[in-house]
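Letter by letter, the chains look like this.
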Amino acid sequence: MARETTRPHRNVFLALLMGLLAAGASCATNPYTERSQLILLPASYEDKLGDQAYAQVLKDPKVRISQDPQEVDPVKRVAARIIAAAKQSKYAEAANRFHWDVTVIKDDKTANAFALPGGKIAVYTGIFPMAKNEAGLAMVLGHEVIHALARHGAERMSQGMVTDIVLKGADVALQTQGVAAPMRSGVMQALGLGTQVGVLFPFSRAHESEADHVGMRIAAQAGYDPHEAVHVWERMQQAGGAQPSEYLSTHPSHGTRIKQLEAWMPEALTDYAQASRAPAANLPTLQGR
Ligand SMILES: [Zn+2]
């Protein structure tokens, strides 16, 4: 970019930033962990980015959407209970605002799942052996849904590195009502997604801990045994690093993660004791499918 054009652009960005600040930027406090969060984007805009990212992933020609009821039904059943619990939680406002959708992606080699702002959830079949049963899947979905409900993507976008890209994206989105704007890699990355389908960028350690902690509680409130969270991480550890996944590439070591989960277990068990129990069926095995 030529030097003389820099200044007007910066003024546009500043004006946009002021607009975004007026529209809903805030220094929020997480209602469960009391961690303070700087968020410079209105939730409505963040939801729109989430919807665009989801559409982009699903239209990728490499993505195969599973129509197999043996794969789709348990995922939908667990997601429905997690969403219902979220609507009763301290995130009720966001959980009721989201237009939830759940997709199962047929990819046995990818041990991943994600949930985007706006409530769009995708589960790769490769996560089934790690989750093993519906309670394990509930722990994974609880974790992912908390990334979205606790606005971790917006928080990342609000951090300096991607602010410029986001504001350029916001510029395009505002001009086009946000429908046709192409997703930019910075936005995808802030939401935890790579442009290459199946790759998730790691959230920060603080975000991972918060998603583990509150996700386990939401899953327990949905009627799933929180002990299963520990078992999921143990299975992840045993599976090793054959495929990069969010779970294997984030900062907290498995040992730290499991210790933290055990420290949070008593409150999750209290939640579980008060919940109506969910079915505890095993997920389908992948062999020969
Ligand atoms: Zn995570």
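Keep in mind it's a predicted model, so treat the numbers as computed, not measured. (Residues numbered from 1 in each chain as written. Predicted model: local features only at pLDDT ≥ 70, side-chain atom pairs only at ≥ 80, totals over all residues.)

Quick notes on the nonpolar core
Here is step 1 of the chain: I82, A138 and L141 are the most contacted members of the largest nonpolar core, which totals 71 residues.
Here is step 2 of the chain: Examining the composition of this core, we find that 10 residues originate from one element, helix 6 (residues 134–149), more than from any other. (Core = buried A, V, L, I, M, F, W, Y, C linked by C-beta atoms within 7 Å. Buried ≥ 20, exposed ≤ 12 C-beta atoms within 10 Å, placed from the backbone. Helix = DSSP H or I, 4+ residues; strand = E, 2+ residues; numbered from the N terminus.)

Here's the deal with unusual backbone geometry
With glycine set apart, most residues show a phi of negative sign, and most peptide bonds adopt trans.
Here is step 1 of the chain: We note that K132 has phi near 65°; this positive angle belongs to a residue other than glycine.
Here is step 2 of the chain: If you trace the backbone, K132 turns up in the loop between helix 5 (128–131) and helix 6.
Here is step 3 of the chain: Despite not being glycine, R151 has its phi angle at roughly 65°, a positive value.
Here is step 4 of the chain: Along the chain, R151 falls in the loop between helix 6 and helix 7 (152–158).
Here is step 5 of the chain: The exposure class of R151 is buried, given the 22 C-beta atoms found within 10 Å.

A short note on the sheet that holds strand 4 (residues 113–116)
Here is step 1 of the chain: Pairing in this open sheet of three strands is mixed, and the strands run 3-5-4 from one edge to the other. Each having just a single partner strand, strand 3 (101–105) and strand 4 make up the two edges of the open sheet. Taken pair by pair, the neighbouring strands of this sheet meet at an average axis angle of 10°, ignoring direction.
Here is step 2 of the chain: Here strand 4 runs beside strand 5 (residues 120–124); their pairing, made up of four bridges, is antiparallel. When the bridges of strand 5 are listed, A115 appears paired with I121.
Here is step 3 of the chain: Helix 3 (residues 69–87) contacts strand 3 and strand 5 of the sheet and is inclined by roughly 145° relative to strand 3.
Here is step 4 of the chain: Contacts from helix 6 reach strand 4 and strand 5 within the one sheet, and its direction differs from that of strand 4 by about 30°. (Pairing = 2+ DSSP bridges. Axes fitted to C-alpha atoms, helices over the stretch in contact; angles between N-to-C directions. Contact = placed C-beta atoms within 7 Å.)

Overview of helix 3
Here is step 1 of the chain: Taking 1.5 Å of rise per residue, the 19 residues of helix 3 would be expected to cover 27 Å, and the 26 Å separating its terminal C-alpha atoms lies within 8% of that figure.
Here is step 2 of the chain: Those residues of helix 3 not exposed but buried are E71, P74, V75, V78, A79, R81, I82, I83, A85 and A86. (Expected span 1.5 Å × (residues − 1).)

Structural notes on the pairing of strand 4
Two faces, one strand: in a regular strand the side chains alternate between the faces of the sheet.
Here is step 1 of the chain: Residues A113 and A115 line one face of strand 4 and the alternating positions F114 and L116 line the opposite face, and both faces are buried.
Here is step 2 of the chain: Taken together, strand 4 and the strand that follows it, strand 5, pair antiparallel across an intervening segment of three residues, in which G118 is found at a positive phi of about 100°.

Regarding the environment of Q237
Here is step 1 of the chain: Its place among the elements puts Q237 in helix 11 (residues 227–239).
Here is step 2 of the chain: Along the primary structure Q237 and G255 are separated by 18 residues, whereas in three dimensions their C-alpha atoms are 9.3 Å apart.

Concerning the confidence of the model for the protein
Here is step 1 of the chain: Across the protein, pLDDT averages 83, with 75% of residues at or above 70.
Here is step 2 of the chain: Segment residues 1–6: pLDDT under 50, and one contact once partners within four positions in sequence are set aside and those in other chains are kept.
Here is step 3 of the chain: This model gives residues 177–182 a pLDDT under 50, and the stretch forms six contacts once residues within four places in sequence are excluded. (pLDDT = per-residue confidence, 0-100.)

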